[in-house]
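# Structural features, examined
Now for the letters of each chain:
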Amino acid sequence: MNSAENPNHIVNWPQATSIVTDRLLLEPLEVHHATEMVETLSSPDLYTYIGGTSPSLPELERLYALQLAGASPTGDAGWLNWIVREANRSTAIGYVQATVTMADTRNQADIAWVIGADHQRRGFATEAARAMIAWLADRQVTELRAAIHPGNESSNRVAERLGMNRPDAIDDGEVIWHAELQTGR
Ligand SMILES: CC(C)(COP(=O)(O)OP(=O)(O)OC[C@H]1O[C@@H](n2cnc3c(N)ncnc32)[C@H](O)[C@@H]1OP(=O)(O)O)[C@@H](O)C(=O)NCCC(=O)NCCS
C-alpha cells in the first residue's frame, strides 16, 4: 500500500512544536540556539560513542540551518529536532531528535538524545525522550528505533527505561532498540 492509499501515513512531515514536561521545556530547534548549545555540546566525552567532535559556533549554525529544512532532499524522511531546556533555570541542557520515515504501512521514527556533560544522570534524557515519544505517538508514528553502540551504557539504559526492546543481535556494530507505539488516534 502506498501513502496515497493509507491516510494514516505522514505525507506532509509534521513540524516540531513545543513540549512541556515536569522539569523540561523542549523547544523546536532554531539557528539561534547554536549560541547557547555550543557550550552545552563542548565536552569531548559526548562523542565517545556517537562520533564527531565538539562543534564550533559556525559549524553548529550550519548544521542547525540544514536540520531546519525539516526533510531530506529526496523527501523520504522528516527531521524533527528539539533543544532541551531545564525549565526552572532556563539553561539549554541538550537535544532530542527524531527522523520519521514511512516504511510499508507504518510511520517509523529513529530517535536519539544528547545531554550535556554537566547535566547528566538526573533523568533528563529519559524525561525528554519520553515526552518526544508521546508527541510522536499523537502524530501516528507507530514504530520507534534507536541505534546505540553496545558500550554506551547510559544511552542503552535510557532506551531500557523508555520500555524499548533490546534485540539479541548487534547490527553493524550497534544495538537497534525497537518499540511499537499506540498512536493517539
Ligand atoms: C546518553 C545520555 C543522553 C544520557 O543522559 P542522562 O540525562 O544522563 O540520562 P538519564 O539521567 O535519563 O539516565 C538514564 C539511565 O542511565 C543511567 N546512566 C546515566 N549515565 C550513566 C553512565 N555514565 N553509566 C552508566 N549508567 C548511566 C542512569 O543512572 C539512568 O539509569 P537509572 O534510571 O537506572 O538510574 C548522555 O549520557 C549523553 O548525552 N551521552 C553522550 C551522547 C550519546 O551517547 N547519546 C546517545 C546517542 S544514541
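Looking at an unreviewed UniProt entry, one finds the protein named Protein N-acetyltransferase, RimJ/RimL family and attributed to Brevibacterium siliguriense.

In terms of regular secondary structure, the protein is built from four helices and seven strands. Starting at the N terminus and ending at the C terminus, the protein contains elements arranged as β-β-α-α-β-β-β-α-β-α-β. In terms of overall size, the protein behaves like a compact globule, its C-alpha atoms giving a radius of gyration of 16 Å where 185 residues would be expected to give roughly 16 Å. Summarising its shape, the C-alpha atoms of the protein cover approximately 45 × 35 × 30 Å along the three principal directions. For the protein, the residues scored as buried account for 44% of the 185 residues in total. Considering only intrachain contacts with a sequence separation of at least 6, the fraction spanning at least 24 residues in the protein is 62%. Counting 14 positive and 24 negative side-chain charges, the protein places the centres of these two groups 7 Å from one another.

Residues in contact with the ligand amount to 21 residues; listed here are only the nearest, Arg 121, Gly 123, Thr 126, Arg 157 and Arg 161. Take Thr 126: an N or O atom from its side chain is 2.6 Å from an oxygen atom of the ligand. A distance of 2.8 Å separates an oxygen atom of the ligand from a polar side-chain atom of Asn 152. With the chains in place, 80% of the 930 Å² that the ligand exposes on its own is no longer accessible. No other element matches the six residues that helix α4 (residues 153-161) contributes to the shell around the ligand.

Time to look at α4. Of all the residues in α4, the buried ones are Ser 155, Asn 156, Val 158 and Ala 159. Within α4, the buried residues cover an arc of 155 degrees as seen down the axis, which keeps them to one side. Opposite the buried face of α4, by more than 90 degrees, sit the exposed residues Glu 153 and Ser 154. In this fold, the buried residues of α4 make contact with β5 (106-115), α3 (124-137), β6 (143-148) and β7 (175-180). The first or second residue beyond α4 is Gly 163, which carries a positive phi of 85 degrees.

Our next topic: the nonpolar core. Within the largest apolar cluster, 37 residues are counted, with the highest numbers of intra-cluster contacts made by Ile 111, Trp 113, Leu 136, Leu 144 and Met 164. Contributing elements (two or more residues each) for this core: β2 (24-28), β3 (77-86), β4 (91-103), β5, α3, β6, α4 and β7. Element by element, the count of residues in this core is highest for α3, at ten residues. Ranked by size, the runner-up nonpolar core spans eleven residues in total, among them Leu 46, Tyr 47, Tyr 64 and Ala 92.

Conventions adopted
Residues numbered from 1 in each chain as written. Predicted model: local features only at pLDDT ≥ 70, side-chain atom pairs only at ≥ 80, totals over all residues. Heavy atoms only, no water. Helix = DSSP H or I, 4+ residues; strand = E, 2+ residues; numbered from the N terminus. Rg over C-alpha atoms; globule rule 2.2 N^0.38 Å. Buried < 20%, exposed > 50% of the residue type's maximum accessible area, 1.4 Å probe, protein only. Contact = heavy atoms within 4.5 Å. Lys, Arg positive; Asp, Glu negative; His and termini not counted. Charge placed at Lys NZ, Arg CZ, Asp CG, Glu CD. Near = heavy atom within 4 Å. Polar contact = N/O pair within 3.5 Å; in protein donor to acceptor, adjacent residues only side chain to side chain. Areas by Shrake-Rupley, 256 points an atom, 1.4 Å probe, with all protein chains shown as cover. Arc of directions from axis to C-beta. Core = buried A, V, L, I, M, F, W, Y, C linked by side-chain atoms within 4.5 Å.

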